[in-house]
Amino acid sequence: MSTIARLLDQRSVGEITLRMERGGPAVMREFGASKCRIPHGSTEAILINTSGGLAGGDFVGVGATVGADAVLTLTSQTAERVYHTLGPPADVRVKLKAETGATLFWLPQETIVFDNSALQRSLEVELHESARFLAVEPIVFGRHEMGEALGRVSVIDRWDIRRMGQRVHAEYFRLGPDLPQTRATLGQNRAMATVLFVAPEAQTRRDAVCEVLSKNDGASVWNGKLVARLVATDGFHLRKTLIKVLNACVGQNNLPKTWTF
């Protein structure tokens, strides 16, 4: 058996299926290394990867639906780590749906990618025209404070956001094998994030978001959505700005407790 075949045979697999109604979770299924914890009476679902990180060939699937007028915030217990691979990427697939009048927040903590790691990730979202949606995906390239440097890395990120079946936002991000270091890309920064806010009030949040952005960040609003791009020297400074940006979108005290310092 080849090295890659042995790796795939030993890979970690985890899946979460969740449905949140106004009265609380109606469906919650866990499989493999993926676990989900919802404190009693809370609308926050905390996703946990019990395998301790992602390696080449691992798979994580998350499927969540928010019922009419319900609220759900999906976050992670801690930063996810993507480790060295012998070839295949770690695979993360997220499918979300928000029904009539629902509020859905996808707010995982940072993904830290290490040297010679590979990650492919997809986010597919279906929204009712009256739903509100906020998403963030922060990525940190090595731990700056530990003196870690990345030689080679591969990250592929796909987003497909639809409202009533019509695409309202899509992007395809691909990075590697080398980190781009021009002034038009990452420069000397080692952390980045995208924030997407799709809601009737998105237009009115632009000024508040722009006020808290760092000098190398930017935000735009059009067609009922707000998109912000952020870069920072490390994960700590990225997180400081991200908390302000997310609060500017949804208001104080609406972020999950895992996002507090």
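All figures in this text were calculated on a predicted structure; none of them were measured in a lab.

Enquirer: If you had to explain the packing of aromatic side chains to someone new, which residues and values would you point to?
Expert: For the structure shown, the criterion picks out one aromatic pair. Residues tyrosine 83 and phenylalanine 114 carry aromatic rings whose centres are separated by 5.3 Å and whose planes lie at 10° to one another, so their mutual orientation is stacked. In this pair, tyrosine 83 sits in the loop between β7 (80-82) and β8 (90-98) while phenylalanine 114 sits in the loop between β10 (111-113) and β11 (117-127), placing the two residues 31 residues apart along the sequence. On the basis of relative accessible area, phenylalanine 114 is assigned to the buried category, the value being 12%. Cation over ring: arginine 239 sits above tryptophan 259, and NZ or CZ is 4.8 Å from the ring centre.

Enquirer: Can you explain the packing of helix α2 (residues 202-212) against helix α3 (residues 235-250)? Please cite residues and give values.
Expert: Where α2 contacts α3, the two axes come as close as 9 Å, and the packing angle between them is 165°. When the axes of α2 and α3 are compared, the pair comes out roughly antiparallel. For the pair α2 and α3, the sense of crossing is right-handed. For the pair α2 and α3, the contacting residues are Arg205, Ala208, Val209 and Val212 in the first and Thr241, Lys244, Val245, Ala248 and Cys249 in the second. In terms of residue class, the contact of α2 with α3 is built from six nonpolar, one polar and two charged.

Criteria and thresholds
- Residues numbered from 1 in each chain as written.
- Predicted model: local features only at pLDDT ≥ 70, side-chain atom pairs only at ≥ 80, totals over all residues.
- Heavy atoms only, no water.
- Phe/Tyr/Trp six-rings, centres within 6.5 Å; stacked < 30°, edge-to-face > 60°.
- Helix = DSSP H or I, 4+ residues; strand = E, 2+ residues; numbered from the N terminus.
- Buried < 20%, exposed > 50% of the residue type's maximum accessible area, 1.4 Å probe, protein only.
- Lys NZ or Arg CZ within 6 Å of the ring centre and 35° of its normal.
- Axes fitted to C-alpha atoms, helices over the stretch in contact; angles between N-to-C directions.
- Parallel < 35°, antiparallel > 145°, perpendicular 65-115°, else oblique.
- Left-handed = near helix turned anticlockwise from the far one by under 90°.
- Contact = heavy atoms within 4.5 Å.
- Nonpolar A, V, L, I, M, F, W, Y, C, P; charged D, E, K, R; others polar.

From the geometry alone we can't say anything about function, so treat these as descriptive.
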